[in-house]
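Summary of the model geometry
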Amino acid sequence: MLLPVYLDYNATTPVDPRVLEAMLPWFTEHFGNAASRTHLYGWTAEEAVATARKQVAKLLHANLKEVVFTSGATEANNLAIKGVFEKWSYKGKHIITLATEHKAVLDTCHHIEQLGGEVTYLMPDPHGLITPKQVADALRPETILVSVMYANNEIGVIQPIREIAAVAHAGGALFHTDATQAVGKLPIDMVEEGIDLLSLSAHKLYGPKGVGALVVRQGVEITAQMDGGGHERGRRSGTLNVPGIVGLGNACELAQREMGTETQRLALLRDRLEKGILMNIPQTFVNGNTPQRLAHLTNICFEHVDGENLLLSLKDIAVSTGSACTSASVLPSYVLKILGLSDDQAYASLRFSLGRFSTEEEIDFALQHVVEVVERMRVGSAV
Ligand code: PMP
């Protein structure tokens with residue numbers, strides 16, 4: 001059986017074969033524990049981790065001491081938000097975030113509320129963007145953290161991070177961004193942009209699953225959420241996943257080298273798909289339709305089409321409705337609902353996310369398939 005064309009790179013990416021090759025020796029030949037300080041096996045592993053740390057730091061214009069390896073972005077978000085809250089709640093217990101954040105941030109904020117914290121969830125405009133003024137208006141003397149995602153996983157809109165960070169700092173708060181969908185896709189400079197804490201995940205940028213990082217600017221204190229041997233300068237205990245970390249480092253290096261050309265190529269392909277759908281299928285519109293948007297993604301609503309049937313009928317392509325992380329539930333995407341879509345419109349919206357291995361042929365095939373399926377469904381429902 002032919003596999004469906006993969007257009008769900010925002011859910012996860014395949015490991016780049018070059019990344020896999022770099023990882024392999026660290027499972028077998030060089031299996032040492034990076035915390036073993038007494039022999040060559042440990043030193044070798046520690047060196048590999050140090051190289052990966054440099055590669056991650058370089059991509060973000062950070063310092064290698066600022067990189068804390070984690071099991072992914074969910075853990076990084078937990079560490080950032082809980083870690084800041086626990087450390088700084090004596091100063092204030094108020095956090096500002098965005099209503100369209102990923103669940104890894106929203107659920108962590110709900111936990112903070114149970115601990116006696118107060119959280120303001122900012123509502124974006126109908127395209128998914130917030131303004132620095134909204135953040136400024138929400139700031140209070142007791143605000144300790146502003147957490148705003150870099151780019152949204154469902155609709156791809158990119159928030160004005162630099163301006164929001166400046167507002168947060170002016171109000172005396174720290175600034176965290178969940179940059180899971182932006183790292184490796186957009187040039188990020190943590191220093192210039194004023195980002196204190198940044199979460200990322202390897203499996204969104206052609207690295208392996210189960211590894212990521214929280215990058216914490218020097219001087220920013222957080223309380224560890226995992227106690228143990230004091231690894232990662234006391235910020236995250238646990239034996240390091242050396243092959244995974246090597247994979248993440250290599251993925252970052254490749255992204256840095258190839259980001260420019262890759263983004264241009266994918267923007268052309270995405271536009272071809274998006275324009276093709278909008279031109280050939282009436283009653284369609286783009287969710288998060290703003291120029292401030294990731295180049296490899298389009299989220300399109302097919303009005304007056306049954307969402308569930310649509311997804312089931314599109315057997316030859318792999319896309320998602322809402323985010324894959326919440327696809328276990330059959331609720332309409334909360335992100336799309338916040339943009340003002342009805343339940344039916346949200347159900348009938350598809351996210352197409354392209355990536356490194358997407359080809360022109362695949363895009364043309366996907367376009368034709370979508371046009372045929374939607375036409376068939378609309379004719380069917382009109383009868
Ligand atoms: N934040 C965002 C914006 C994401 O898209 C994801 C993954 N869907 C996560 C956090 C969670 O990342 P991980 O899978 O590494 O836990």
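On a predicted model such as this, the values are computed, not experimentally measured, just so you know. (Residues numbered from 1 in each chain as written. Predicted model: local features only at pLDDT ≥ 70, side-chain atom pairs only at ≥ 80, totals over all residues. Heavy atoms only, no water.)

1. Structural notes on the domain arrangement of the protein
Note: interface size is frequently given as the accessible area lost on complex formation between the parts. When cut into domains, the protein gives domain 1 (5-12 + 259-382) and domain 2 (17-254). Taking the mean C-alpha position of each, domain 1 and domain 2 sit 28 Å from one another. Contact residues are listed per partner, giving 31 residues for domain 1 and 34 residues for domain 2. Here domain 1 and domain 2 share an interface that buries about 2,800 Å² over both sides, 59% of which is from carbon and sulfur atoms. For domain 1, the biggest contributors to the area lost against domain 2 are Met 259, Leu 294 and Arg 356; these three give 23% of the whole. Here domain 1 and domain 2 share zero salt bridges between them. Applying the counting criterion to the domain 1 and domain 2 interface returns 14 residue pairs in polar contact (both at pLDDT 80 or more). (Domains from an automatic or database assignment. Contact = heavy atoms within 4.5 Å. Buried area = accessible area lost by both parts, 1.4 Å probe. Salt bridge = Lys/Arg side-chain N within 4 Å of Asp/Glu carboxyl O. Polar contact = N/O pair within 3.5 Å; in protein donor to acceptor, adjacent residues only side chain to side chain.)

2. Section: the packing of helix α3 (residues 73-88) against helix α4 (residues 103-114)
α4 packs onto α3 with a crossing angle of 30° between their chain directions and a minimal axis gap of 9 Å. Accordingly, the angle class assigned to the pair α3 and α4 is roughly parallel. The handedness of the crossing between α3 and α4 is right-handed. Side by side, α3 and α4 meet where Thr 74, Asn 77, Asn 78, Ile 81, Lys 82 and Phe 85 of the first sit next to Ala 104, Val 105, Thr 108, Cys 109, His 111 and Ile 112 of the second. Residue composition of the contact of α3 with α4, by class: six nonpolar, five polar and one charged. (Axes fitted to C-alpha atoms, helices over the stretch in contact; angles between N-to-C directions. Helix = DSSP H or I, 4+ residues; strand = E, 2+ residues; numbered from the N terminus. Parallel < 35°, antiparallel > 145°, perpendicular 65-115°, else oblique. Left-handed = near helix turned anticlockwise from the far one by under 90°. Nonpolar A, V, L, I, M, F, W, Y, C, P; charged D, E, K, R; others polar.)

3. Quick look at the sheet that holds strand β10 (residues 297-302)
In space, the three strands of this open sheet follow the order β9-β10-β12, with antiparallel pairing throughout. A strand with exactly one partner marks an edge of an open sheet, and here the two such strands are β9 (284-286) and β12 (349-353). Each strand axis lies, on average, 25° off the axis of its neighbour in the sheet, ignoring direction. Examined bridge by bridge, β9 and β10 share three bridges and lie antiparallel to one another. Paired with Thr 284 across the bridge in β10 is Phe 302. Packed on one face of the sheet, helix α8 (residues 242-280) meets β9, β10 and β12 and runs near 10° to β10. (Pairing = 2+ DSSP bridges.)

4. Notes on empty space enclosed by the protein
Counted according to the given criterion, the structure contains three cavities of 30 Å³ or more. A volume near 90 Å³ is recorded for the largest cavity. Grouping the amino acids of the lining of the largest cavity by side-chain chemistry returns five nonpolar, three polar and two charged. Residue assignment places the lining of the largest cavity across two domains, with domain 1 (5-12 + 259-382) and domain 2 (17-254) each supplying three or more. (1 Å grid on protein atoms, 1.4 Å probe; cavity = no way out; pocket = protein on both sides within 12 Å on 5 of 7 lines; lining within 4 Å. Points joined across faces, edges and corners; volume = space filled by probe spheres on them.)

5. What to know about the sheet that holds strand β5 (residues 143-147)
Within a sheet, adjacent strands bond to each other through the backbone by hydrogen bonds, running parallel or antiparallel. The strand order β2-β8-β7-β6-β5-β3-β4 describes an open sheet built from seven strands, whose pairing is mixed. At either end of the open sheet lies a strand with only one pairing partner, and these are β2 (67-70) and β4 (118-122). Strand-to-strand twist of the sheet, defined as the mean angle between neighbouring strand axes without regard to direction, takes the value 20°. In terms of strand pairing, β2 meets strand β8 (residues 212-216) through four bridges, oriented antiparallel. Residue pairing across strands places Val 68 opposite Leu 214, the latter belonging to β8.

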